[in-house]
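# Analysis of the macromolecular model
One-letter residues, chain by chain:
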Amino acid sequence: MTAKEIILEIYQNDGLRNRSFLDQVLHPDVVMEWQSSSDFNLLTKEDILDLADELMKNYTDSTIEIKYLLEEEGKVCIAYNHYATTIENTTQFQLIARFITIWEFVDDQILKGYQISKPT
């Protein structure tokens, strides 16, 4: 898979909540710098995998609306809206947050991520 194909799999096919898939595509030394509306987080591979588990537990379904996707020189940038259905309301998708993320690749794996998010 190309870098862009990996990112599309993550965001179009619910790979964001798929621990097994993420474990394959994340480099062992991956680090994600995440600036949320409340604070700064530095996530390791295990943190990202744990987040996938949390998303799977807390939302019955999830979908991503990709606004744009750019690839250049081993980096993929994606802007998207993340929608999910909650356990309490399984029929209505709600916008969780808006994201912009840049992923850097090495040897066909994600090595570094930079993410900014804003909840709705």
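Whatever comes next refers back to the structure up there.
With that settled, the discussion passes to the overall build of the chain. Helices and strands together make up the secondary structure of the chain, namely three helices and six strands. Counting from the amino terminus, the chain carries its helices and strands in the arrangement α-α-β-β-α-β-β-β-β. In terms of overall size, the chain behaves like a compact globule, its C-alpha atoms giving a radius of gyration of 14 Å where 120 residues would be expected to give roughly 14 Å. Considering only residue pairs separated by 6 or more positions, the chain has 48% of its internal contacts joining residues 24 or more positions apart.

Mapped onto the secondary structure, serine 62 falls in strand 3 (residues 59-72). A polar side-chain atom of serine 62 sits 2.6 Å from a polar atom in the side chain of histidine 82.

For the coordinates displayed, the defined rule picks out three aromatic pairs. Ring geometry for tyrosine 11 and tyrosine 80: centres 4.7 Å apart, planes at 50°, overall tilted. Of this pair, tyrosine 11 sits in helix 1 (residues 3-12) while tyrosine 80 sits in strand 4 (residues 75-86), and the two are 69 residues apart along the sequence. Among the residues examined, tyrosine 11 registers a relative accessible area of 2% and is labelled buried.

Of all hydrophobic cores here, the largest spans 28 residues; its most connected members are Ile7, Ile10, Tyr11, Phe105 and Ile110. Elements with a minimum of two residues in this core: helix 1, helix 2 (19-25), strand 1 (26-35), helix 3 (45-58), strand 3, strand 4 and strand 5 (94-106). The greatest single-element share of this core, amounting to five residues, is contributed by helix 1. Each residue touching isoleucine 10, except ones within four places of it in the same chain, is listed here: Gly15, Leu16, Phe21, Leu22, Val25 and Ile110.

Quick look at the sheet that holds strand 5 now. Taken in spatial order, the six strands make up an open sheet running 2-1-6-5-4-3, and their pairing is mixed. Since the sheet does not close on itself, it has two edges, and those belong to strand 2 (40-44) and strand 3, each with one partner. Between one strand axis and the next, the sheet turns through 20° on average, direction left out of account. As paired strands, strand 1 and strand 6 (residues 109-119) are joined by six bridges and run parallel to one another. Its bridge partner being in strand 6, glutamate 33 is matched across the sheet by tyrosine 114.

A cluster of nonpolar side chains, Tyr68, Leu70 and Ile100, forms an exposed patch at the surface whose accessible area comes to about 270 Å². Along the chain, leucine 70 falls in strand 3.

Within the element layout of this structure, aspartate 53 appears in helix 3. Along the sequence, aspartate 53 and arginine 19 sit 34 residues apart, while their C-alpha atoms lie 6.6 Å from each other.

What counts and what doesn't
Every chain is numbered on its own, with residues counted from 1 as its sequence reads. Note on the predicted model: pLDDT of at least 70 is required for a residue's local features to be given, and 80 or more for side-chain atom pairs to be given and counted; whole-chain, interface and lining totals, by contrast, use all residues. Hydrogens and waters are ignored; side-chain quantities use all the structure's heavy atoms. Elements are defined by DSSP. Helices are runs of H or I of four residues or more, strands are runs of E of two residues or more, and each kind is numbered from the N terminus. Atoms counted for the radius of gyration: C-alpha only. Globule rule: 2.2 Å times residue count to the power 0.38. Any pair of residues with heavy atoms lying within 4.5 Å of one another is described as a contacting pair. Identification of polar contacts relies on pairs of N or O atoms within 3.5 Å, with a donor-acceptor requirement for protein atoms, meaning one able to donate a hydrogen and the other able to accept it, and with residues adjacent in sequence counted only if both atoms are side-chain atoms. Stacked, tilted and edge-to-face pairs are distinguished by plane angle, under 30 degrees for stacked and over 60 for edge-to-face with tilted covering the rest, among Phe, Tyr and Trp rings (Trp via its six-membered ring) whose centres lie within 6.5 Å. Remark: exposure states derive from per-residue accessible area (1.4 Å probe, protein chains only) relative to the maximum for the residue type, with buried under 20%, exposed over 50%, and partly exposed in between. To define a nonpolar core, start from buried Ala, Val, Leu, Ile, Met, Phe, Trp, Tyr and Cys residues and group those joined through side-chain atoms within 4.5 Å. When DSSP finds two or more bridges between a pair of strands, those strands are recorded as paired. Angular values range over 0 to 180 degrees, each being the angle between N-to-C directions of two axes fitted as lines to C-alpha atoms, with helices fitted over their stretch in contact. Here a patch means residues that are over 30% exposed by relative accessible area and free of salt bridges, tied together within 9 Å if like-charged and within 5 Å if nonpolar (Val, Leu, Ile, Met, Phe, Trp, Tyr). For the area figures, the Shrake-Rupley method with a 1.4 Å probe applies, and any residue is considered shielded solely by the protein chains shown. The term salt bridge refers to a pairing of a side-chain nitrogen on Lys or Arg with a carboxyl oxygen on Asp or Glu at a separation within 4 Å.

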